[in-house]
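Survey of secondary and tertiary structure
As a plain string of letters, each chain reads:
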Amino acid sequence: MMQGSENIVRKAVKTYGRSRENLLPILQMVRREHNYLSEDQLRDIAKEMDLSSADVYGVASFYSFMDMQPKGKNIIRICKTITCFMKGKDSIVGAIEETLGIKMGDTTPDRKFSLLEANCIGWCHKGPAMLINDKVYTELTAEKAVQALEEYM
Amino acid sequence: MVMTREEKLARINAHQDRVNLIFEQINYLDLMAKVMKLDNETMMQYIKESGLKGRGGAGFPTYLKWNLAAKQNSDMKYVICNADEGEPGTFKDRKILEEQSNKVFTGMAICAKIIGASEGYIYLRGEYNYLVPLLTTKMNDFNQDMKNLGLDFSLYLRSGSGAYICGEETALIESMEGKRGEARNKPPYPVVEGYLGKPTVINNVETLVYCAMIVLNEGGKFKTFGTEISAGSKVFSVSGDADVEGIYELELGMTIQEFVDLFGDGDTKAVQVGGASGFCVPRKNFKETIIGFEGVPTGGSMMLFNSTRSMYHILMNYLEFMEEESCGQCTPCRVGCQQLVKGIQAIKHKKRPATYLDELVKLAKSMRVASKCGLGQSVANPFISIVENFREEIIY
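Residues numbered from 1 in each chain as written. Chains lettered and ligands numbered in written order. Predicted model: local features only at pLDDT ≥ 70, side-chain atom pairs only at ≥ 80, totals over all residues.

**Some details on the sheet that holds strand β4 (residues 135-137) of chain A**
Residue and element names in this part refer to chain A. To be explicit about the condition: Pairing between strands is defined by DSSP: at least two bridges between the two strands are required. Only DSSP runs of H or I reaching four residues or more are called helices, and only runs of E reaching two or more are called strands; each is numbered from the N terminus. Fitted lines through C-alpha atoms serve as axes, helices being fitted only where they are in contact, and the angles separating the N-to-C directions of these axes extend from 0 to 180 degrees. By definition, residue pairs are in contact when their C-beta atoms, positioned from the backbone, come within 7 Å.
Strands sit in the order β2-β1-β3-β4 across an open sheet of four strands; the sheet is mixed. If you trace the sheet from one side to the other, it starts and ends with β2 (113-118) and β4, each paired once. Going from strand to strand, the sheet's axes swing by 20° on average, the running direction of each strand aside. Inspection of the sheet shows strand β3 (residues 130-132) paired to β4 by three bridges, in the antiparallel sense. Its bridge partner being in β4, M130 is matched across the sheet by Y137. Those strands touched by helix α6 (residues 89-100) are β1 (74-79), β2 and β3, and its axis lies near 155° from that of β1.

So, in C-alpha cells, the structure goes:
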C-alpha cells in the first residue's frame, strides 16, 4: 500500500506541477485514485511540494469532498437543504439505509458504498436529489433511489 | 385572479421569450470577430451604459470592476468565472454552463481583452463535476479559436471540493492558490491584488454572458429591461411550493406579488429571496416589495413556501447550513452561527424564555457588523426577517 500510494502522489505532483496553487488539483487526484487521503499521503505530498505537512493537512481537512478516512468505492450524497427536505429527502435516506443495511454517515462492510448528506447540490427544482460520485439523480422516489444504487452493486 | 398551471406557464414563457438574452443561440465566433475589431473604449462604454451589476448577488457595477482592473499596471492579470454556485435555491449557473458555455467563455475573453489578461479560470463547484468533460472539450476548442483569432488568452478549469464559502471571491482566490478557502480582508480588492497577487476580475457566470450579449447588441436590448436602479433582466431559480419550478430569465423590477401570481401555488405565505443568505418576504409585504436592488436583491434564488410549512424548520435548515459552511476563522461567524442554532432550539423546547429571541436578534446584528466576510454578515438577513415576521412560529 505504502509503495503504491507514494506512486500516486508522485504521479499527481508530476501531472500538475510542484507550485502551491496546484495543491487542490493534486489532493483531488490522489483522493480520486486512492479513495481517501491518508496521513502518509499528506506527508508525501508535503515533501514533494516542499510544504509543511501541517499546512497540507489544514487544506485537505477544510474541504468536505476531501475524505480523510477510508470511504466506500461509491459515495452517495443526499441533498439535505430545504427544498429537498420539503420534497421528502428523509424517505429517500430511509430507503437507502434499508437497502444497504447501514446508517447515515456509514460505509457498507464490503466497502462499496458510503452514505452521506450534502448541502444544496443545485437541483432544488427537481428534488429530492442526490449524487452518486459525480452523477446526479433527481426527482427521486424511494424506488428510483434504490434502482440507482443497483447500477453500482 | 387565479390562473391554471398551464396559463401560468404560458405567461412565464412569454415573458422569458420577450427577454431571452442568456439562452439565445448565437454564433460566438462571429461575436468574437466583432470584438477583435471593436476598440476597448467602445466596449467599455456599452457595459457602462447598460448599468449591468454583478449577477452573483452582491451587485457591484461590472463596468467599475473592469475599469479598476484595466487601470492597473501589471505583467499578469486574470479573469475568473465564479461557477461555485452554492447558495441554497440557486441552480441557474449550472444550466447556463451546460447550454451556453461558449457565451460564458466569450464574456471572459471580452473582459480579458479590455483589462489585458492572458489567462482565465473557471472555478466550478465540485458538485457540478459531471460538467467537467463537457466544459473541458468546449474550453479546448475555444482556446484554439482564440489562437486563430490572434487573441493571447487561454482558459483553464478548476474544481472546488464542496465548500460554499469558496463562492466568496477572496475565499475562491485562496482556494485557487491551494489554500483553505478562508476569506481575506478587503482592501486590497481582487482588482488590485487578486489571484497570485495580480489584478483579477471575478465575475459570476451569468454576468459574463450578459457582457457578451451587451457587446453583441451594442448596449441595445438589455437596457430596455428593468428599472433605473436594477437595469436589465436576471435568471431566476424557482423552487419550493410552486406551480411552476425551474430556471427563467425575467425582467428585474417586478413585485413579489407579481412573481407569486406567476409561480406560486395560490397559498404562498413567504418567499425567501436570495437563498439562505437572503431575505424572507412575508405575504403582507408581497405587493410593496420589488425584486431588485431597490427592494430585495437576489443572486436568483427564489424559494416559495406555502401555509403548510413551518418557518421554524426553514430557519433551522438555513442556520444549520451556515453553521456547517462557516469557514471558522472569525469568531463572530463561527460562534454566532452555533449560538443562533442552539438559541432557537432552546426557545422551542422552553429551556429559554421567548424574550431570549430578542437577544439572538442582537447577536445576529453584531454578526452583520463584526464578521469578516459576506457569509457571517448575511446570516442576519434570514434570521431577522424570519424571526420578525413569524415570531410565533419560532416560539411555539
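Now that the structure is up, let's keep going.
**Re the domain arrangement of chain A**
Here is the rule: Note that domain bounds follow an automatic or database assignment of domains.
If you check the domain split of chain A, you get domain 1 (2-62) and domain 2 (74-150). Between the C-alpha centres of domain 1 of chain A and domain 2 of chain A the distance comes to 29 Å.

**A short note on the confidence of the model for chain B**
What counts, and what does not: Note on scores: pLDDT gives the predictor's confidence for each residue, bounded by 0 and 100.
Mean pLDDT for chain B: 97, with 100% of residues reaching 70 or above. Overall fold confidence (pTM) sits at 0.97, and the ipTM for the predicted complex is 0.96.

**Brief notes about the domain arrangement of chain B**
When the parts come together, some accessible area is lost, and that loss is often what is quoted as the size of the interface. Residues and elements named next belong to chain B. Condition: Any residue outside Ala, Val, Leu, Ile, Met, Phe, Trp, Tyr, Cys, Pro, Asp, Glu, Lys and Arg is labelled polar, Gly included; the first ten of those are nonpolar and the last four are charged.
Annotation of chain B at the domain level lists domain 1 (20-223), domain 2 (233-306) and domain 3 (311-395). Centre-to-centre, using C-alpha coordinates, domain 1 lies 26 Å away from domain 2. Listed as interface residues are 17 residues of domain 1 and, on the opposing side, 20 residues of domain 2. Looking at the side of domain 1 that touches domain 2 residue by residue, the class counts come to five nonpolar, six polar and six charged.

**Focus: the packing of helix α2 (residues 28-37) of chain B against helix α5 (residues 92-115) of chain B**
Residues and elements named next belong to chain B. To be explicit about the condition: Roughly parallel covers angles under 35 degrees, roughly antiparallel covers those over 145, roughly perpendicular covers 65 to 115, and oblique covers all other angles.
Two numbers describe how α2 lies on α5: the axes approach to 10 Å, and their chain directions differ by 10°. The orientation of α2 relative to α5 falls into the category roughly parallel. Here α2 contributes Y28, L31, M32 and V35 to the contact with α5, which in turn contributes N102, K103, T106, A109, I110 and K113. When its residues are assigned to classes, the contact of α2 with α5 shows six nonpolar, two polar and two charged.

**A word on the sheet that holds strand β2 (residues 119-124) of chain B**
All names here are of chain B. Spatially, β3-β2-β1-β4 is the arrangement adopted by the four strands of the open sheet, whose pairing is parallel. The open sheet is flanked by β3 (154-159) and β4 (200-204), the only strands paired with a single partner. Looking at each pair of strands side by side, their axes are set apart by 20° on average, direction ignored. As paired strands, strand β1 (residues 78-83) and β4 are joined by five bridges and run parallel to one another. In the strand pairing of β4, I80 is matched with I202. Contacting β2 and β3, helix α6 (residues 132-149) runs over the sheet at an angle of about 165° to β3.

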